Amino acid sequence: MDYKGFILHHSRCTSINGKGFDFWVAKDGAIYAAPLLTDPEHIHICLEGDYGMAGPLTDPRGCSGQLFAAGKLILELSARYRISPLLVEAHDDSCPGAYFPWNELVIYPADGYH
Ligand SMILES: [Zn+2]
């Protein structure tokens, strides 16, 4: 099965393929995997919070662990499914939202950290 890439969602999103998410990344960086991947083309990663508005949920001091975990998850999945880790897209204009800190989602395709 060939995946085209990753799609990021926030946890208020109600339309993740009509079924849910494939991976959930909590604020504290904990990751929960759904039993089955729901979409044959993309892997859907849901980040706890709502990045459509500024506020406590988008406080960068509160979500660096979450973003680090998300980046690590994307790297692991891209290796497992042979997807480029750079193929990470937003679901749509409002999901994960205008305030999602894309520049903090640091993904190193190489073996960049230990
Ligand atoms: Zn979404």
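Residues numbered from 1 in each chain as written. Predicted model: local features only at pLDDT ≥ 70, side-chain atom pairs only at ≥ 80, totals over all residues.

Peer 1: When you look at the sheet that holds strand β3 (residues 31-33) in this model, what are you seeing that I'm missing?
Peer 2: Picture the strands of a sheet paired through backbone hydrogen bonds; they go either parallel or antiparallel. Spatially, the 5 strands line up as an open sheet ordered β3-β2-β4-β1-β5, and their pairing is mixed. With one partner strand each, in any of the chains shown, β3 and β5 (88-90) form the two edges of the open sheet. Between one strand axis and the next, the sheet turns through 25° on average, direction left out of account. Sheet topology note: the strand β2 (residues 23-25)/β3 ladder contains 3 bridges and is antiparallel. Its bridge partner being in β3, Val 25 is matched across the sheet by Ile 31. (Pairing = 2+ DSSP bridges. Helix = DSSP H or I, 4+ residues; strand = E, 2+ residues; numbered from the N terminus. Axes fitted to C-alpha atoms, helices over the stretch in contact; angles between N-to-C directions.)

Peer 1: Quick question: what am I supposed to make of the environment of Thr 38 here?
Peer 2: Here Thr 38 shows up in the loop between β3 and β4 (42-47). Overall, the presence of 16 C-beta atoms within 10 Å leaves Thr 38 in the partly exposed class. Once the C-alpha coordinates of Thr 38 and Asp 22 are considered, the two residues, 16 residues apart in sequence, prove to be 6.5 Å apart. (Buried ≥ 20, exposed ≤ 12 C-beta atoms within 10 Å, placed from the backbone.)

Peer 1: Can you walk me through the environment of Ile 31 in this structure?
Peer 2: Topologically, Ile 31 is positioned in strand β3. On a C-alpha basis, the gap between Ile 31 and Gln 66 in space is 9.0 Å, while along the polypeptide they are 35 residues apart. Residues contacting Ile 31, with those up to four places away along its chain left out, are Phe 23, Trp 24, Val 25, Ala 69 and Leu 73. (Contact = placed C-beta atoms within 7 Å.)

Peer 1: Explain the pairing of strand β1 (residues 5-10) here, please?
Peer 2: Along a regular strand, successive side chains alternate from one face of the sheet to the other. Most of β1 sits inside the fold, with 5 of its 6 residues counted as buried. Alignment of β1 against β4, held across 6 bridges, turns out to be parallel. Bridging from a neighbouring strand, His 10 pairs with Leu 47 of β4. As paired elements, β1 and β5 share 3 bridges and run parallel to each other. The partner of Ile 7 across the bridge, within β5, is Glu 89.

Peer 1: Would you take a moment to explain unusual backbone geometry for this structure?
Peer 2: With the exception of glycine, the majority of residues adopt a negative phi angle, and the majority of peptide bonds are in the trans configuration. For the bond from Cys 95 to Pro 96, the omega torsion is 0°, close enough to zero to count as cis. In this structure, Arg 82 is a non-glycine residue whose phi angle is positive, near 55°. In this fold, Arg 82 is placed in the loop between α1 (60-81) and β5. A count of 9 C-beta atoms within 10 Å places Arg 82 in the exposed class.

Peer 1: Help me understand the pairing of β4 in this model?
Peer 2: Within β4, 5 of the 6 residues are buried, which leaves the element mostly enclosed by the surrounding structure. Where β2 and β4 come together, 3 bridges link them in parallel fashion. Bridging across to β4, Phe 23 finds its partner in Ile 45.

Remember that the coordinates give geometry; whether it matters functionally is a separate question.
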